[in-house]
Every structure is written in C-alpha cells, then in structure tokens.
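Commentary on secondary and tertiary structure
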Amino acid sequence: MAPISDLERDQAYMTLALEQAALGERLGEVPVGAIVVSNGVVIGRGHNRMILDQDPTAHAEIVALRAAAKTLKNYRVVPATLYVTLEPCAMCAGAMVHARLQTLVFGASEPRAGAVCSQQRFFESTYLNHQVVTRGGILAEASAARLKAFFKAKRRGSAGP
C-alpha cells in the first residue's frame, strides 16, 4: 500500500472537522467544526458553542484547543495541528499563538473576518513570539456549502435559535 499523501491526510482530518460542524449545526449553532491532532491522534474536538454555552469565545477552534490542552494537561498544545472548516478570526488566531500550535489547516476562507488571509495576515505579524504554519482551502467547497445552506435556511426561518 502506498503511503498517504499530505493532501490525503489533510482531507481525512478535515472530514472529521466537518463532522463536528454538522454536530454543531444540529444543535442550532453556525456549522463550524475543528479538531486538534498530535502525532496522528485526535486530542481535541469542537464545534461552535456560543449559543449553547452563552459564551462569545466558544468558537469551534477555542473549544477544540481547550479540549486538547486538557488531554495534554498543558496549555501549550505541542506538537499539534488544528483543522477547522472556516478560516479563523483574530481571537482564534491569537489563541493558536498562545497555545504554540504548530500548524493550522482550514477549509473555506472567511471574507468578512478571516484573520489568516482574507482580512488580515495575522500569523505574518512580526511582533509575534511564535509562528504558526498555515494551509488553506482543504475541502473548502464542502465547508462553504454547509455554511451557505445553513444561512439560507436561517433566512427562511427553518434553522435553530
């Protein structure tokens, strides 16, 4: 059997992040999902929980990083890669730097508030004491389609709270 390529690995893990997004959507949250992987093992999972937890910081990335930190019993989540279905915002990007995340892989771009390549290039800031490697566009169409369908249904009044 041929070794798995980096793209195949990224797609497989992004599929798990999309499953988290679907879980959040079933609970009435905006369908963004994330997982954290270290040494080939999923150590953190998350989906948006802002409505459920009444917490403006409960983005999928933050939830997954918190779970990973608990798994590792360390606020520094190293070595690890975070897979998320949507380009992170500035808050989540900042949390990734503080967690010393090694790599970020994201699906769809976020033209309104994306802090990786759309509105900002946060990780390219020279003042940061840690650099996060990024790859975007992994299963971007599937990620974007889920979000578009959610908001279309929401406008029709048939999506959650």
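Let me begin by describing the structure that accompanies this report. The shown structure was predicted, so the numbers you read here are calculated from the model rather than taken from an experiment. (Residues numbered from 1 in each chain as written. Predicted model: local features only at pLDDT ≥ 70, side-chain atom pairs only at ≥ 80, totals over all residues. Heavy atoms only, no water.)

**Focus on helix 1 (residues 6-26)**
- When the terminal C-alpha atoms of helix 1 are compared, their 30 Å separation across 21 residues agrees well with the 30 Å that a helix rising 1.5 Å per residue should span.
- Here helix 1 has its buried residues at Asp10, Tyr13, Met14, Ala17, Leu18, Gln20, Ala21, Ala22 and Gly24.
- Elements that come into contact with the buried residues of helix 1 comprise strand 1 (33-38), strand 2 (41-47), strand 3 (81-86), strand 4 (103-108), strand 5 (133-135) and helix 5 (140-156).
- Once helix 1 finishes, Gly28 follows within two positions and takes phi at roughly 90 degrees, a positive value. (Helix = DSSP H or I, 4+ residues; strand = E, 2+ residues; numbered from the N terminus. Expected span 1.5 Å × (residues − 1). Buried < 20%, exposed > 50% of the residue type's maximum accessible area, 1.4 Å probe, protein only. Contact = heavy atoms within 4.5 Å.)

**A look at the layout of surface pockets**
- Roughly 550 Å³ of volume is contained in the largest pocket.
- Val30, Leu86, Glu110, Leu147 and Phe151 are the residues nearest the centre of the largest pocket, which is lined by 22 residues in total.
- If one sorts the elements of the lining of the largest pocket by residue count, helix 5 sits on top with five residues.
- Its residues assigned to classes, the lining of the largest pocket comprises 12 nonpolar, four polar and six charged. (1 Å grid on protein atoms, 1.4 Å probe; cavity = no way out; pocket = protein on both sides within 12 Å on 5 of 7 lines; lining within 4 Å. Points joined across faces, edges and corners; volume = space filled by probe spheres on them. Nonpolar A, V, L, I, M, F, W, Y, C, P; charged D, E, K, R; others polar.)

Remember that the coordinates give geometry; whether it matters functionally is a separate question.
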